[in-house]
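# Architecture and fold: a report
Listed below, chain by chain, are the residues.
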Amino acid sequence: MAVFNLNINGEQHQVDVDPDMPMLWVLRDSLNLVGTKYGCGIAQCGACTIHLGDVAMRSCMLPVSQVGNQAITTIEGLSEKGDHPVQQAWLEHDVAQCGYCQSGQIMNAAALLKSNPKPSDPEIEAAMNGNICRCGTYVRIKEAIKSVTSNT
Amino acid sequence: MTLIKTQHNRRSFLKVSAAAGGGMLIGFNWLTSCTSQVKEGIPIPKEWFEINGYIKIGDTGLVTIYSPNPEIGQNVMTSMPLIVAEELDVNWDHVVVEQGALNPDAFKKRQFSGGSLSIMQGWDVLRMAGATGRRMLLEAAAKEWGVAVSDLTVSEGIIKEIKGERTIGYGEIAAKAVDIKVPEEVELKNPKDFKLIGSFKKNVEGPKLVTGKPLFGIDFIREGMLLAMIEHPPAFGMTVKDFNREEIVSMNGIRDAFTIDISVESTRLVATVFPHLIAIVGDSTWHLMKAKKALKANWESISELENSEMHTQRLKRDIEKGEIQESRKDGNPEVAFSKAAKVIERTYTAPFQAHNTLEPMNFFAHVTANKAELIGPTQTPGVLKSNASTLLGIPEENITVDITRIGGGFGRRLYVHYGLEAAAISKKMGAPIKLIYSREDDMTAGIYRTAYRSTYKVGLDENNNIIAYSARGVGFREGAIFPNRFPAGTIENYTATKLKSESNISMGAWRAPRSHFAAGAEQSFLDEVAEAIGKDPIDLQLELFDRAIDNPIGEKNEYEAERYAGVIKLVKEKANWGVETPGIYRGFAAYFCHNTYVAQVLDLIMKEGKPIVNKVWCAVDCGIVVNREGAINIIQGGVVDGIGHAMYSEIKFENGSPTDNNFNTYQLIRHNQSPKEIEVFFVESEIKPTGLGEPGLPPAVGALANALYKVTGKRYYHQPYATAIQDQSTIETTLKG
């Protein structure tokens, strides 16, 4: 066990955990931030996507010891009032079915749009391909992302 | 004018009382039908009067609807309250929907979110409850003003005098409506006057979902709870003997480790295929995952260790010799086949598949000396409760089961073994615990969709008329044959046989059970038959339906031929079927299951040597469409699911073990493989609504196979199709040719 000081959603958190513990479990089990989801544990489904700085990361394979003082953003901290353009687009396009994968989809889409504000269809597909939606809401996810690009 | 009764044998289906904090509270049984035909002399079941749905009309006019139905992503938490709000006649913006507390006593057998039945079963009672509220509020206003109810009108929660100036909101009169006698029957709206039903309404939990609120079972936290994981035997046919307990319990963050036994009298919905498991309890999921890696267990074989080759051979044998589960015969197919000028026979297969709900199995349990509290994602809380009672030796009245939002069902959460495992672990620990499956546990201890094998045969006369038809299918749990579905009723000499084979792999219902395979096989076969006799596949099927409309064969045909033909004609028109566009390869399929009719046209294009689904056109007849937004979404999801599983997904077995255990090798459809566009059209109807969770999936399989044939010139008989398409040169050669 070791003590880590983490900057999560703009707040400082101190946790005393195993250095190899993935951020996913630090968030979910130590800090009760359960918006970040567990789906596969091997970075294949994207449900656990968070931002490390501005970059989308799979938190299930990111050991807490590698985070250092980089800012972490989770779905809970993407916007203060739940009104990030991507969140609004998700509501406008009524994307969710079961909804379990959607916080990961939203975090991945938000990071994509930050680095590439007007992605083409193939760029959207390439960037989102690591995020599985078992309910099959892909058509709406793409529409939602494209609506953000056309609104900005 | 449609009237609906609010009581049976003088017992009211509703209870009305003052609401805490002011206003009116209407309680009713959300999940049972109030208009079911009850024969005189048969006592009505007690649970009909159990209260689990509530409408609260607050003194501010805010309406809160408490929905107890399990939400697995089929959108019932939006669509069912919408029905109540329609009849109550309130502004949807003034409605709040909450997940209602469950009283599973009411649902010993009835509560069940499966079979696309929720809307169909709830339709009458939800309308009745809303209409009763509206009527009582109107009566209270009439009494207040000393006028007749007929002098009043209501719209969006505001009551107005027809010939006067006075108006009053529901909120202002709600407290007084509590004293009005519950009417014996109430008038329902004419569907033509619906304002909410049929409109586009967003998912009521959308804002919580996009901000990561804790809604799912896996998110549930109770102060002081411990976490638990299981390790099941590595193969079907094995059980646990012992394990290195001392080493495991000495690990950092581990509280205890032991074996549990959840053997109860096994029913289909328990699915205790591994009744003996190793359980590890600790402080964090990561500690548990590390402990699982350090496990050294001795397993022993208790039955045969099966493999996929063995499964293939058994299905080949049992399609002839298996146990017959259901069959039908019209005319004399044997004689007709013997006289046929030409016989076409084709065999179709599909592999085992896992459900892979993205939220793995999990459950919270807190078991004390004579009480148990169970909370988590289940579609069958009543089944869990009764079995937990048996397992724990605690009377059912001391057990509560509460449902969370469910991160995907597809049939998997009908089976309650993981709830029982959580209960057994909590009992042993004497503490509240939350059990979580790893993805590997979830995928390798599945309640799989069985593998299937079906053979279809037609006999043609010298003029290419279909004179005989035969369908014969086997699966390990059930064959995928529905003897009384189309084309039963359209062909003089007809036979269909559903057979069963045996396996010790655990199997269960998987989205659109059996239909998901039957539709693909049957509709591919009919496409091939149409080509052989020189007809357009849509024309061929419409001709068969004409026969079923004019002069059907047999009496037990399970479909309405007019509605079936209706969706086919609708999709034909919308997709502009028959007009060839260069570079677009089209497939058609139609299917009826779960009381809903769906026809689809699927357009493939070729991109970099790979077939891509460019667009899918869907025509749907589900009766009245309740929430158009949710209805379109779930049909689109069904199409993606159908294409994805037919194209990519497969689980194989070696020595009793599933060969895939995570998404690195088990392929689920992803963004770049999804259709680019899915357009959904509904048949406008005033027929009682039917389900949508399942019927969108099956035809997509057939439409895909038929479109693939157009691209490659090859027919696809064996799922997953992607395996069969591996030879890309075949495709490219065909295109150049």
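Remember, predicted model here, so these are calculated numbers, not experimental data.

Quick look at the overall build of chain A now. Scanning chain A from N- to C-terminus turns up 5 helices and 5 strands. Counting from the amino terminus, helix and strand elements in chain A follow one another as β-β-α-β-β-β-α-α-α-α. Relative to the 2.2 N^0.38 estimate, which gives 15 Å for 152 residues, the radius of gyration of chain A is 15 Å and therefore close to what a compact globule would have. Along the first, second and third principal axes, the C-alpha atoms of chain A reach 45 × 30 × 25 Å. The 152 residues of chain A split such that 59% are buried. Within chain A, contacts between residues at least 6 apart in sequence are counted, and of these 53% link residues at least 24 apart. Surface exposure of chain A reaches about 5,600 Å², of which carbon and sulfur atoms provide 48%. In chain A, 10 positive and 15 negative side-chain charges are present, and the distance between their average locations comes to 8 Å.

Counting secondary structure elements, chain B contains 18 helices and 32 strands. In summary, chain B has a C-alpha radius of gyration of 28 Å against a globular reference of 27 Å for 737 residues, a match within 12%. With the C-alpha coordinates of chain B rotated into their principal frame, the extents come out at 80 × 75 × 55 Å. Taking all 737 residues of chain B together, 63% fall into the buried category. Per element, the accessible surface of chain B, about 27,500 Å² overall, is 48% carbon and sulfur. Averaging the positions of the 83 positive and the 90 negative side-chain charges in chain B gives two centres separated by 1 Å.

On to the sheet that holds strand S28 (residues 596-607) of chain B, then. Sheet strands pair via backbone hydrogen bonds, and the direction of the pair is either parallel or antiparallel. All names here are of chain B. With mixed pairing, the 4 strands of this open sheet are ordered in space as S27-S28-S29-S32. Across the chains shown, the open sheet's two edge strands, defined by having one partner strand only, are strand S27 (585-593) and strand S32 (677-682). With strand direction ignored, the average angle separating the axes of adjacent strands in the sheet is 20 degrees. As defined by bridge partners, strand S29 (residues 610-621) adjoins S32 across 6 bridges and the pair is classed as parallel. Residue pairing across strands places Trp-617 opposite Glu-679, the latter belonging to S32.

Let us look at the nonpolar core. A:Met23, B:Ile425 and B:Tyr721 are the most contacted members of the largest nonpolar core, which has 153 residues in total. If we ignore the near neighbours within four places in the chain, the residues touching A:Met23 are A:Leu6, A:Ile8, A:Ile50, A:Ser59, A:Leu62, A:Val64, A:Val67 and A:Ile72. Among the nonpolar cores identified, the runner-up in size contains 55 residues, and B:Met24, B:Val84, B:Ala140 and B:Ile168 belong to it.

Take the domain arrangement of chain B next. Residues and elements named next belong to chain B. Taken as a whole, chain B is organised into domain 1 (2-209), domain 2 (217-303 + 361-436) and domain 3 (452-736). For domain 1 and domain 3, the distance between their C-alpha centroids amounts to 38 Å. Residue-level contacts link 24 residues of domain 1 with 20 residues of domain 3. Taken together, the two surfaces of domain 1 and domain 3 that pack against each other cover about 1,700 Å², and 60% of this comes from carbon and sulfur.

Okay, empty space enclosed by the protein next. All names here are of chain B. Within the structure shown, the criterion is met by 12 cavities of 30 Å³ or more. By volume, the largest cavity amounts to about 100 Å³. Lining the largest cavity are 14 residues, with Tyr-456, Ala-471, Phe-482, Phe-486 and Glu-522 positioned closest to its centre. Looking at the lining of the largest cavity, the elements that each hand over two or more residues are strand S25 (466-475), strand S26 (493-500) and helix H12 (515-532).

Many structure descriptions define interface size as the accessible area lost when the parts assemble. All names here are of chain A. Domain annotation for chain A reports domain 1 (2-77) and domain 2 (85-151). Computed over C-alpha atoms only, the centres of domain 1 and domain 2 are separated by 21 Å. Taken together, the contacts link 16 residues of domain 1 with 13 residues of domain 2. If you sort the residues of domain 1 by the area they bury against domain 2, His-51, Asp-54 and Ile-75 come out on top, with a joint share of 37%. Across the domain 1-domain 2 interface, the total number found is 1 salt bridge.

A few words now on the pattern of salt bridges. Residue and element names in this part refer to chain B. Considering all chains together, one arrives at 54 salt bridges over all chains under this definition. Residue Lys-296 pairs with Glu-247 through a salt bridge whose shortest N-O separation is 3.6 Å. Linking Lys-296 in the loop between helix H6 (285-294) and strand S17 (297-301) with Glu-247 in helix H5 (residues 245-249), this pair joins segments that are 49 residues apart in sequence. On the basis of relative accessibility, which here comes to 37%, the residue Glu-247 falls in the partly exposed class. Among the ionic pairs, Glu-492 bridges to Arg-547, the shortest N-O distance being 3.0 Å. Remark: Arg-547 occurs in helix H13 (residues 537-550) and Glu-492 occurs in the loop between S25 and S26; sequence separation between them is 55 residues. Beyond isolated ion pairs, a larger network of salt bridges with shared partners links Glu-326, Arg-477, Glu-478, Lys-498 and Arg-514.

Moving on, we come to unusual backbone geometry. Residue and element names in this part refer to chain B. Of note, the bond from Phe-486 into Pro-487 is cis; its omega dihedral lies within 30 degrees of zero at 5 degrees. Among the secondary structure elements, Pro-487 is positioned in the loop between S25 and S26. The omega angle of the peptide bond from Gln-719 to Pro-720 is -5 degrees, so this bond is cis rather than trans. With a phi close to 70 degrees, Asp-89 is a non-glycine residue in the positive phi region. Among the secondary structure elements, Asp-89 is positioned in the loop between helix H1 (76-88) and strand S8 (95-99). Phi at Glu-608 is positive, roughly 50 degrees, even though this residue is not glycine. Note on placement: Glu-608 falls in the loop between S28 and S29.

The end-to-end C-alpha distance of helix H3 (residues 102-115) of chain A, which contains 14 residues, comes to 20 Å, matching closely the 20 Å that a straight helix rising 1.5 Å per residue would cover. Three or more residues of H3(A) are buried, namely A:Gln102, A:Ser103, A:Gly104, A:Gln105, A:Ile106, A:Met107, A:Asn108, A:Ala109, A:Ala110, A:Ala111, A:Leu112 and A:Leu113.

This part is about the sheet that holds strand S10 (residues 158-161) of chain B. All names here are of chain B. In spatial order, the strands read S9-S10-S11; together these 3 strands make up an open sheet with antiparallel pairing. At either end of the open sheet lies a strand with only one pairing partner, and these are strand S9 (152-155) and strand S11 (167-169). Between one strand and the next, the sheet's axes are offset by a mean angle of 20 degrees, whatever the strand orientation. With respect to the sheet, helix H2 (residues 118-145) is in contact with S9, S10 and S11, its orientation differing from that of S9 by roughly 135 degrees. Helix-sheet contacts for helix H3 (residues 170-177) involve S9, S10 and S11, and the interaxial angle to S11 is about 75 degrees.

How each quantity is defined
Residues numbered from 1 in each chain as written. Chains lettered and ligands numbered in written order. Predicted model: local features only at pLDDT ≥ 70, side-chain atom pairs only at ≥ 80, totals over all residues. Heavy atoms only, no water. Helix = DSSP H or I, 4+ residues; strand = E, 2+ residues; numbered from the N terminus. Rg over C-alpha atoms; globule rule 2.2 N^0.38 Å. Buried < 20%, exposed > 50% of the residue type's maximum accessible area, 1.4 Å probe, protein only. Contact = heavy atoms within 4.5 Å. Areas by Shrake-Rupley, 256 points an atom, 1.4 Å probe, with all protein chains shown as cover. Lys, Arg positive; Asp, Glu negative; His and termini not counted. Charge placed at Lys NZ, Arg CZ, Asp CG, Glu CD. Pairing = 2+ DSSP bridges. Axes fitted to C-alpha atoms, helices over the stretch in contact; angles between N-to-C directions. Core = buried A, V, L, I, M, F, W, Y, C linked by side-chain atoms within 4.5 Å. Domains from an automatic or database assignment. Buried area = accessible area lost by both parts, 1.4 Å probe. 1 Å grid on protein atoms, 1.4 Å probe; cavity = no way out; pocket = protein on both sides within 12 Å on 5 of 7 lines; lining within 4 Å. Points joined across faces, edges and corners; volume = space filled by probe spheres on them. Salt bridge = Lys/Arg side-chain N within 4 Å of Asp/Glu carboxyl O. Expected span 1.5 Å × (residues − 1).

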